[in-house]
Number of protein chains: 2
Amino acid sequence: MAASCHLKPLSCVAVCGGTHGNEMSGIYLAKHWLRDPMELQRSSFAVTPFLGNPRAIEKCVRYVGQDLNRTFTTEFLSSTEVEDEPYEVVLAREINQTYGPKGSAQAFDFMFDLHNTTASMGTYLIVDSEESLLPMHMCHYIQMHYTRSPCPIYLYKLPGEETYSINSVAKAGLALELGPQPQQVVRADLFSQMRDIIACALDFIELFNKGTVFPAFEIEAYKITGRMDYPCYPDGEISAMVHPKLQDKDFLPLNPRDPIFQTFSGEEILYEGNTTIYPAFINEAAYYKKKVAFVKMEKHTFSIPALSSSRVA
Amino acid sequence: MAASCHLKPLSCVAVCGGTHGNEMSGIYLAKHWLRDPMELQRSSFAVTPFLGNPRAIEKCVRYVGQDLNRTFTTEFLSSTEVEDEPYEVVLAREINQTYGPKGSAQAFDFMFDLHNTTASMGTYLIVDSEESLLPMHMCHYIQMHYTRSPCPIYLYKLPGEETYSINSVAKAGLALELGPQPQQVVRADLFSQMRDIIACALDFIELFNKGTVFPAFEIEAYKITGRMDYPCYPDGEISAMVHPKLQDKDFLPLNPRDPIFQTFSGEEILYEGNTTIYPAFINEAAYYKKKVAFVKMEKHTFSIPALSSSRVA
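What counts as what
Residues numbered from 1 in each chain as written. Chains lettered and ligands numbered in written order. Predicted model: local features only at pLDDT ≥ 70, side-chain atom pairs only at ≥ 80, totals over all residues. Heavy atoms only, no water. UniProt positions renumbered as here; feature names shortened; annotations may be inferred. Phe/Tyr/Trp six-rings, centres within 6.5 Å; stacked < 30°, edge-to-face > 60°. Lys NZ or Arg CZ within 6 Å of the ring centre and 35° of its normal. Helix = DSSP H or I, 4+ residues; strand = E, 2+ residues; numbered from the N terminus. Buried < 20%, exposed > 50% of the residue type's maximum accessible area, 1.4 Å probe, protein only. Contact = heavy atoms within 4.5 Å. Polar contact = N/O pair within 3.5 Å; in protein donor to acceptor, adjacent residues only side chain to side chain. Pairing = 2+ DSSP bridges. Axes fitted to C-alpha atoms, helices over the stretch in contact; angles between N-to-C directions. Right-handed = clockwise from strand over helix to strand, strands pointing away. Disulfide = S-S within 2.5 Å. 1 Å grid on protein atoms, 1.4 Å probe; cavity = no way out; pocket = protein on both sides within 12 Å on 5 of 7 lines; lining within 4 Å. Points joined across faces, edges and corners; volume = space filled by probe spheres on them. Core = buried A, V, L, I, M, F, W, Y, C linked by side-chain atoms within 4.5 Å.

- In the nomenclature of an unreviewed UniProt entry, chain A corresponds to N-acyl-aromatic-L-amino acid amidohydrolase from the organism Gopherus agassizii.
- Its UniProt record, at the heading Sequence similarities (unreviewed entry), says of chain A: "Belongs to the AspA/AstE family. Aspartoacylase subfamily."

So this is what it looks like as structure tokens:
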């Protein structure tokens, strides 16, 4: 990586709540900001709040036809309208028109996307990869200035995988994921944490736009390496639960031969990998359908070069 | 009340999981028992496990048409089949035929009903009223013998209200409610607690059937007095969340002028009642639709007379 990078100041920033229609912190925050946008205001850029999946929000479900946050791929975005296609495919093209198009010069400079999980992951920051310079600096700034809880970084893109999330429509993005919070529930504590982290991130953008130079740093982050499915009976029904010793242990080391599942009959199933991993999304409600009991991660330290804005004369 | 009561031994007992199709402890327990019923076996009575709402379980939602656990009233049970009636009304009549009819001599002697809540209520026992002698003795037995967590008693029937829950079809019943657990999630710890409490309750029935005399006792229980709705905007959307100081404080005293809500703009709303109450179901996901932010309860001490079985010669 270069020793120092210059990026253009940001002018258009979007904040999305309700990409998943039953994750309530972001939904009520976005609705609040749509009623009263004052607290999003900064002097050097504009912030647009919006609701990601209005029909799913109305029904208070994750999605209506298919997961919106997996629909921002070239395949879906470049598809032509056909009859009976899932609502979210139509919606993704519309969002891409408004805040993108993805990969184009007209795209929004930055998009925040607000999520909750039923897993005990605390407050964490999702970036596509460590190569996304501005988001990595933003995470570093949040970790230093938002001290109410640690905010680990989760790098979600598998090697070679195309970005598929809603904020990939903008030039850069950051997703917040706060938990544990049941679906369809809003907890005041997580609501205020999410609000404060967004305020902190907007402050970072303001400083960046106004010419602050952010020095290089080293930072720890968790990088996804794969996913672990539930054990199943031959009929496809799950035959085991997340082991009580693994439950609520997101971001903590899982070593070879540690228990990971307990069958309904009471037997233990051990982790058969050869190396220590760091699980996340342990026992997330929405992931039963996706056949994911937890996500496997490795912990790495990355060197991030300095950043400043290349101010337009 | 009489100083001592004699009741007939129980011969037919049912255990229902999945009355609500997204409360997973009872669903996976019932499915497990349907595969392997051995652990339910006792010498003096038969236990039948069953799934309450199969279509809701299939879809992993609380219900398909209307809340099954509010459908066991005379109005619904005595209705004649009409086109396009909600699935749960048809289902309630079927369950009433199999395990009832409600109020008849042919009805099952006892029905357990297994639930989860997203509220931080721990493990508690739901009985219609303190006048249900056998369930109150069962609760007392559980409180003395199941020591892993306190098991407060929740008396759910408002004065003059008809019973409406699934276990009202049997001659007597007990519902278990364990939380917090998100909808659509099974936690191994709550699963094993629910299984152990059922085992303990079956042991109680076995002792009762075999002639054990259960002496009179005094017992504390929480009795519902009303419900508290969320504050709303004029369009009906909620305008406030459960206050962080009330969140997770189920069964603890709430005093006049204690904060109960926090608006999305940050203002506090205080409790305006005149007496101390004990809230339950605080921030339960399924109750937003029912306009219930929490249930109001009073704490009482009841004198329960002795109980023994009137053994058939």
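1. Quick notes on the packing of aromatic side chains
Part 1: One pass over the structure, following the stated rule, counts 36 aromatic pairs over all chains.
Part 2: Grouped by ring-pair contacts, the aromatic residues Tyr124(A), Tyr154(A), Tyr222(A), Phe251(A), Tyr278(A), Phe281(A) and Tyr287(A) constitute a single cluster.
Part 3: In this structure, Arg35(A) packs its charged tip against the face of Tyr233(B), placed 3.4 Å from the ring centre.

2. A word on the UniProt feature "active site" (unreviewed entry) in chain A
Residues and elements named next belong to chain A.
Part 1: In this numbering, the UniProt entry assigns the feature "active site" (unreviewed entry) to Glu177.
Part 2: Topologically, Glu177 is positioned in strand β7 (residues 173-179).
Part 3: The class for Glu177 is buried, based on a relative accessible area of 6%.
Part 4: Not counting residues within four places of it along the chain, the set of residues in contact with Glu177 comprises Glu23, His115, Asn116, Thr117, Gly122, Thr123, Tyr124, Ile126 and Phe281.
Part 5: Side-chain polar atoms of Glu177 contact the backbone nitrogen of Thr117, separated by 3.4 Å.

3. Focus on the sheet that holds strand β13 (residues 294-304) of chain A
All names here are of chain A.
Part 1: With mixed pairing, the nine strands of this open sheet are ordered in space as β3-β2-β4-β7-β5-β6-β8-β13-β12. For this open sheet the edge positions go to β3 (46-51) and β12 (278-280), each flanked by a neighbour on one side alone. Neighbour to neighbour, the strand axes of the sheet diverge by 30° on average, direction disregarded.
Part 2: Pairing of β12 with β13, which is carried by three bridges, proceeds in the antiparallel orientation. Its bridge partner lying in β13, Pro279 is registered against Lys296.
Part 3: Sitting on the sheet, helix α5 (residues 133-145) is in contact with β4 (110-116), β5 (122-127), β6 (153-155), β7, β8 (217-228) and β13, with an inclination near 110° to β8.

4. What to know about the pairing of strand β2 (residues 12-17) of chain A
Residues and elements named next belong to chain A.
Part 1: Burial of β2 is extensive: five of the six residues sit out of reach of the surface.
Part 2: For β2 and β3, the ladder comprises six bridges, and the chain directions are parallel. Each bridged residue has a counterpart across the sheet, and for Gly17 the counterpart in β3 is Leu51.
Part 3: With respect to chirality, the unit in which β2 leads through helix α1 (residues 24-35) into the neighbouring parallel β3 is right-handed.
Part 4: Both β2 and β4 contribute to a ladder of five bridges, which runs parallel. Counterpart to Val15 in the pairing with β4 is Phe112.

5. Digging into the state of the cysteines
Part 1: By the definition in use, this model includes zero disulfides over all chains.
Part 2: Looking at Cys60(A), it has no disulfide partner, and the nearest cysteine sulfur is the one in Cys232(B), 14 Å off.
Part 3: The thiol of Cys12(B) is not disulfide-bonded; the next cysteine sulfur, from Cys16(B), is found 16 Å away.
Part 4: With a relative accessible area of 33%, Cys12(B) lands in the partly exposed category.

6. Let's talk about the UniProt feature "domain: Succinylglutamate desuccinylase/Aspartoacylase catalytic" (unreviewed entry) in chain A
Part 1: Taken from the UniProt record, the annotation "domain: Succinylglutamate desuccinylase/Aspartoacylase catalytic" (unreviewed entry) applies to residues 13-205 of chain A.
Part 2: From the first C-alpha to the last, residues 13-205 of chain A spans 10 Å; its make-up is 34% helix and 18% strand.

7. Some thoughts on the environment of Ala170(B)
Residues and elements named next belong to chain B.
Part 1: When you line up the elements, Ala170 lands in the loop between β6 (153-155) and β7 (173-179).
Part 2: For Ala170, a relative accessible area of 6% puts it in the buried group.
Part 3: Sequence separation between Ala170 and Leu77 is 93 residues; the distance between their C-alpha atoms is 14 Å.
Part 4: Beyond its immediate chain neighbours, meaning those up to four positions away, Ala170 contacts Tyr99, Ala107, Phe108, Asp109, Phe110 and Met111.

8. Notes on the layout of surface pockets
Part 1: Taken as a whole, the second largest pocket encloses approximately 840 Å³ of empty space.
Part 2: In this structure, the second largest pocket is lined by 44 residues; those nearest its centre are Asp128(B), Tyr156(B), Ser165(B), Asn167(B) and Gly173(B).

9. Brief notes about the nonpolar core
Part 1: Ranked by internal contacts, the top residues of the largest apolar core, which has 74 residues, are Phe112(A), Ile142(A), Leu174(A) and Phe294(B).
Part 2: Ranked by residue count, the leading element in this core is helix α6 (residues 188-209) of chain A, at 12 residues.
Part 3: In this structure, Tyr146(B), Ile153(B), Phe191(B) and Phe302(B) belong to the second largest nonpolar core, which totals 72 residues.

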